[in-house]
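Read off the chains here:
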Amino acid sequence: MCGYHDEAAPASGEDLLHQFGEALQRRRGERIAKVYTSGSFFDDGEVPPGIRARILGELSGAFGRVVIESRPVFLTEGAVSDALSSCPGLEVALGLESASPRVLERSVRKGFTFSDYADGATLVRRLGGRVRTYLLLKPPFLTEREAVEDAVASALRAAPLSDTVSLNPVNVQRGTLVDRLWRRGLYRPPWLWSAAEALLRVRRGLGEAAPGARLVCAPSGAGRRRGPQNCGGCDASVLSALEEFSVSQDVLHLEKVLSAGCSCMPHWRQVLDAGAFAEIMQDALKPR
Amino acid sequence: MIEILARDGLAREARWTCDGLSAVTPNILFLRSGGLPLFERGECYLSAGGPVGGRFTLSSGGSWFLEREASGPAPAIPAFPNVPSGLEARPGESFEAALEGFRRSGGPVLPVPGEFPERIEEALSELLLFPGALGGTLRPRGLAADLVRLKQAAGFGRLVYAPGLGDPAHIALLAYCGVDLLDSAPLLAAARLGVRLFPGWKAHAAEEGLCHCPACEGGALGPEAVYLHNCFAALSEVRTVRAAVRRGRLRELVEGRLSEAWQVSLLRHLDLHHHDFCERYFPVARPAAAGLDALGLASLSRPEVVRFRRRVLERYRRPPSSPVLLLLPCSARKPYSDSLSHRAFRAATDRAGNPGAVHEAVVTSPLGIVPLELDSIYPAGSYDVPVTGDWDETERRMVSGQLEHFVRRGGYSAVVCHLPGMDFLAGALPPGTVFTAGRRATSPASLSALSRALRPLSNENGRVGRREASRERFASLARFQFGPGGEALAERCEVRRRGIDLRVTDGQRTQLALLGRERGLLSLTMEGARRLLGRTAYEVEIGDFRPSGTVFAPGVVRAGADIRPGDEVLVTRGGELRGVGVALMSAAEMERAGRGGAVRMRHHVSTRGGGG
């Protein structure tokens, strides 16, 4: 799913600072800074501790909120508390992808477990930081139905440990396993309906009494061949409902777009129903 | 329990019984789940929501990734990671997980996802579920190889289910490849797009007046009615396929149903690159009524046809006293020797004065060269082919190549070519070949040219007696059927026509064999079998019992590797002849299958002991 696996290049601490300085010039005046290394900001091998402190210190003064990302294994008490003292209110993004051990192991090949994630998230929050959790909608080998079920179950488990849960519908990036599946006719990116339905079910599941985390969904590549998509006719309206919901957290936007429907909606519903048969690779069923 | 009711190549008609309910395959599993329309006329179902009353139901395993407990009655499919082969983190990982689920489930269904091993030994598995077939339709070369590997791994007596396939246009071909169960998921997917499926073509729901199935009778078709139409079409096609298997006509049905490029590719890959594997499953004889219709280019490479051509070049040897080769055209009537044209050719040959020295062979498509004494052997005795006089380039190459090898191997002293309009063969014939046919092979001028040409050539080496000539021809035929050792059957034998059959005796009163026109193969008496004992590969070694009726597969110890369904075989025990009969399965199946009739006995030694 991740297309960055062959885009890494060695960089020294000085290189990073230089790059950071350039980016900072261009981004002054914005509200939120996300420093996404496409890796782990807390990995000493990626970002040396001294450099980390300097970057966070500069950001802390310049932006209202700072978000970095890391795998949970690098979240040690020392590193996190150092970071929070340089940058109070720091938000740590964790790519959990799924709470299901089998999805993590066989589909995502994540390399860590839900409890590794939970330990990391708990630590960050105990020390006063914020947690943002990323989940995938429809990693490979799952049917559309399994994908929705997995996203809902995962979000319900991750939300109590998170300040924000971000649901990312998978898009087909070149050179990835999903790309190979897609080229073989064995993978279809998720329906935007699925994202809307999953968010609605999670928001309702969390309940108004226990609002828990914010839920957000900003699909990339939506409506494109390689991105999450509906029939093409309703993609824009579903997408804007997802955006409005992400901002307001008001389920009304989702309910409205789902009940308005589209001629492709029964088709999507049937794909979900047929997805009960996981032995059939539903995505490969394209009449030729 | 699986019972094979009929075989045709890799396809079979089988009855699968589980918990008192049974389904006959090939068949379509119709999906049953909340939210999906249900086709109520199905014979068997795949259900995600309990059994369908009184009908054979396979329960879906549900999601492996989400780890919900599979619930439902047996036979349940265990949940498994549905990961295509080549995309696993470690090869074989998905299969291992599926195997574990299978063992836990205690059910009969073993999913075979991802990379699977060469042999699948799990004794309790009756159905192999092969999800890879669906994606394979986009890469037919790989699919052909996968299906062959699966068939080899599966052994005999197991069924194969290819989830997600079941388009009526594909059913015959998939059954031909050895797939026993399909499902209605593609029927549903097509219906979502308003596509009505037929065996070999498609139509949109809006096109009226195309179909008279119960679903189409109502007029305007909604998605559900389209789905039901597709179900009727698929059900009727599986029934057609089963009937074709029973009649030995599946290949003809398959060739007639080819309508998409991948299907043609798949068939061609099987024919050209997996012939040796597939051929073992194809019978050497069929009822004459089954025939063999070689209607298109695909027929040139069908297993029975390629096997016949190879055996003519590799196994066959010409009658030694007949060094003059006479090449003749085929006739619409089979066997050729019954046709008016061939009677005329025979008369012309007789008039030349020494017919015994002349060896007649027929040049034909798709069989290449058919020595005339093999003209009742399947498929020579019962094939049909469109004759227009125009030879396609592929046919020309095939016939020329076959002819060139045949002539070289035969070491003939002279060749007479009585084939009109086949100049393209000239390059394959030796210098000095005499051409006699003119424009029409049976015209008086052509026939007398034939006699004139044969007179000097056939009389060069002295007269060949009629009796000796027919004995040698019979020796060639016996060799063709039984291998080199088969010639022992012809030693000092006497061959007599009896009606349409050929009766072979030892020259005294004891009959050795009969060539029945209907069967198209030699049937042996015990005396005939005794002559072949220890000399032929067509022997089935059985356990220590005295066979009568039918020998079953578990009773077979060893079987000669060349044995195919329909072959005449000797049944032996420790080098001693116990009987003779007809093989009902191929050698490999006799040796590996745990059940099913292997040899139907024709004659046997006394069952009370002693011996014959």
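Source: prediction; values computed, not measured.

S.K.: How would you explain the overall build of chain A if you had to name every residue and give the values?
M.R.: Scanning chain A for helices and strands turns up eleven helices and six strands. For a compact globule of 288 residues, the expected C-alpha radius of gyration is about 19 Å, and chain A comes in at 20 Å, within 12% of that figure. Projecting the C-alpha coordinates of chain A onto the three principal axes gives extents of approximately 55 × 45 × 35 Å. The buried share of chain A, reckoned over its 288 residues, is 55%. Pairs at least 24 apart in sequence give 77% of the contacts found in chain A among residues at least 6 apart. Counting every atom, chain A has about 12600 Å² of accessible surface; 51% of that belongs to carbon and sulfur.

S.K.: Please set out the overall build of chain B residue by residue, giving values where relevant.
M.R.: Each helix and strand counted, chain B has 16 helices and 29 strands in total. The globule rule puts the C-alpha radius of gyration for 612 residues at 25 Å, and the 28 Å found for chain B is close to it. The principal-axis extent of the C-alpha atoms belonging to chain B is close to 85 × 65 × 45 Å. When burial is assessed residue by residue, chain B has 62% of its 612 residues classed as buried.

S.K.: Describe the sheet that holds strand 1 (residues 32-35) of chain A, with residues and values.
M.R.: All names here are of chain A. Spatial ordering of the open sheet is given by 1-2-3-4-5-6, a layout of six strands whose pairing is parallel. Edge positions in the sheet fall to strand 1 and strand 6 (214-216), since each of these pairs with one other strand and no more. Neighbour to neighbour, the strand axes of the sheet diverge by 25° on average, direction disregarded. Bridge count between strand 2 (residues 65-69) and strand 3 (residues 91-97): three bridges; the pairing is parallel. Each residue of the ladder has a partner; that of Val67, found in strand 3, is Glu91. Across the sheet, helix 2 (residues 49-62) touches strand 1 and strand 2, and the angle it forms with strand 2 is around 150°.

S.K.: Quick rundown of the pattern of salt bridges? Include the residues and the values.
M.R.: All names here are of chain B. All told, the structure shown has 55 salt bridges over all chains when counted by the stated rule. Arg479 serves as the salt-bridge partner of Glu487, at 3.1 Å between the closest nitrogen and oxygen. With its nearest N and O atoms 2.9 Å apart, the salt bridge here joins Arg496 to Glu494. Sharing partners across several salt bridges, the network here consists of Asp8, Arg249, Glu252, Arg286, Asp293, Arg302 and Glu304.

S.K.: Residues and numbers for unusual backbone geometry, please.
M.R.: Of all residues except glycine, most have a negative phi; of all peptide bonds, most are trans. Of note, the bond from Thr25 of chain B into Pro26 of chain B is cis; its omega dihedral lies within 30 degrees of zero at -5°. One non-glycine residue with positive phi stands out, namely Glu97 of chain A, at about 75°. Inspection of the secondary structure assignment puts Glu97 of chain A in strand 3. Taking relative accessible area as the criterion, Glu97 of chain A reaches 13% and is therefore assigned buried. Positive phi, normally seen in glycine, also occurs at Arg109 of chain A, with a value near 50°. Within the secondary structure, Arg109 of chain A is located in the loop between helix 4 (101-108) and helix 5 (114-126).

S.K.: Quick one: what's the story with the domain arrangement of chain B, residue by residue and with numbers?
M.R.: Interfaces are often sized by the accessible area lost when the parts come together. All names here are of chain B. When its domains are assigned, chain B resolves into domain 1 (2-273), domain 2 (316-458) and domain 3 (537-612). Domain 1 and domain 3 are separated by 34 Å when their C-alpha centres are compared. Each partner contributes to the interface: domain 1 provides nine residues, whereas domain 3 provides seven residues. Buried surface at the junction of domain 1 and domain 3, both sides included, amounts to about 670 Å², of which 49% is carbon and sulfur.

S.K.: So what's going on with the packing of aromatic side chains? Residues and values would help.
M.R.: Any pair of aromatic rings gets described here by the distance separating the centres and the angle formed by the planes. Summed over the entire model, instances satisfying the criterion amount to 20 aromatic pairs over all chains. Between Phe41 of chain A and Phe42 of chain A, the aromatic rings sit 6.3 Å apart at their centres with planes inclined by 80°, giving edge-to-face as the arrangement. We note that Phe41 of chain A, like Phe42 of chain A, is buried. Considering the side-chain rings of Phe30 of chain B and Phe39 of chain B, the 4.7 Å spacing of their centres and the 50° angle between planes classify their relative orientation as tilted. Looking at Phe30 of chain B, the relative accessible area reads 0%, which means it is buried. Residue Phe39 of chain B is classed as buried on the basis of its relative accessible area, which comes to 1%.

S.K.: Break down a positive patch on the surface for me, with residues and values.
M.R.: Residue and element names in this part refer to chain B. A surface patch of like charges, here positive, comprises Arg333, Arg343, Arg346 and Arg497. Position of Arg343 among the secondary structure elements: in helix 11 (residues 340-351). With a relative accessible area of 46%, Arg343 lands in the partly exposed category.

S.K.: Outline the sheet that holds strand 20 (residues 494-498) of chain B, listing residues and values.
M.R.: Residues and elements named next belong to chain B. Sheet architecture is open: four strands sit in the order 20-21-22-23, paired in antiparallel fashion. Each edge of the open sheet is held by one strand with a lone partner, namely strand 20 and strand 23 (521-524). Taking the axes of each pair of neighbouring strands and ignoring which way they run, one obtains an average angle of 25° across the sheet. Pairing between strand 21 (residues 501-505) and strand 22 (residues 511-516): four bridges, direction antiparallel. Looking at strand 22, one finds that Leu502 is bridged to Leu515. Contacts from helix 14 (residues 466-482) reach strand 20, strand 21, strand 22 and strand 23, with the element oriented near 90° to strand 23.

Conventions adopted
Residues numbered from 1 in each chain as written. Chains lettered and ligands numbered in written order. Predicted model: local features only at pLDDT ≥ 70, side-chain atom pairs only at ≥ 80, totals over all residues. Heavy atoms only, no water. Helix = DSSP H or I, 4+ residues; strand = E, 2+ residues; numbered from the N terminus. Rg over C-alpha atoms; globule rule 2.2 N^0.38 Å. Buried < 20%, exposed > 50% of the residue type's maximum accessible area, 1.4 Å probe, protein only. Contact = heavy atoms within 4.5 Å. Areas by Shrake-Rupley, 256 points an atom, 1.4 Å probe, with all protein chains shown as cover. Pairing = 2+ DSSP bridges. Axes fitted to C-alpha atoms, helices over the stretch in contact; angles between N-to-C directions. Salt bridge = Lys/Arg side-chain N within 4 Å of Asp/Glu carboxyl O. Domains from an automatic or database assignment. Buried area = accessible area lost by both parts, 1.4 Å probe. Phe/Tyr/Trp six-rings, centres within 6.5 Å; stacked < 30°, edge-to-face > 60°. Patch = residues over 30% accessible without salt bridge, like charges linked within 9 Å, V, L, I, M, F, W, Y side chains within 5 Å. Lys, Arg positive; Asp, Glu negative; His and termini not counted. Charge placed at Lys NZ, Arg CZ, Asp CG, Glu CD.

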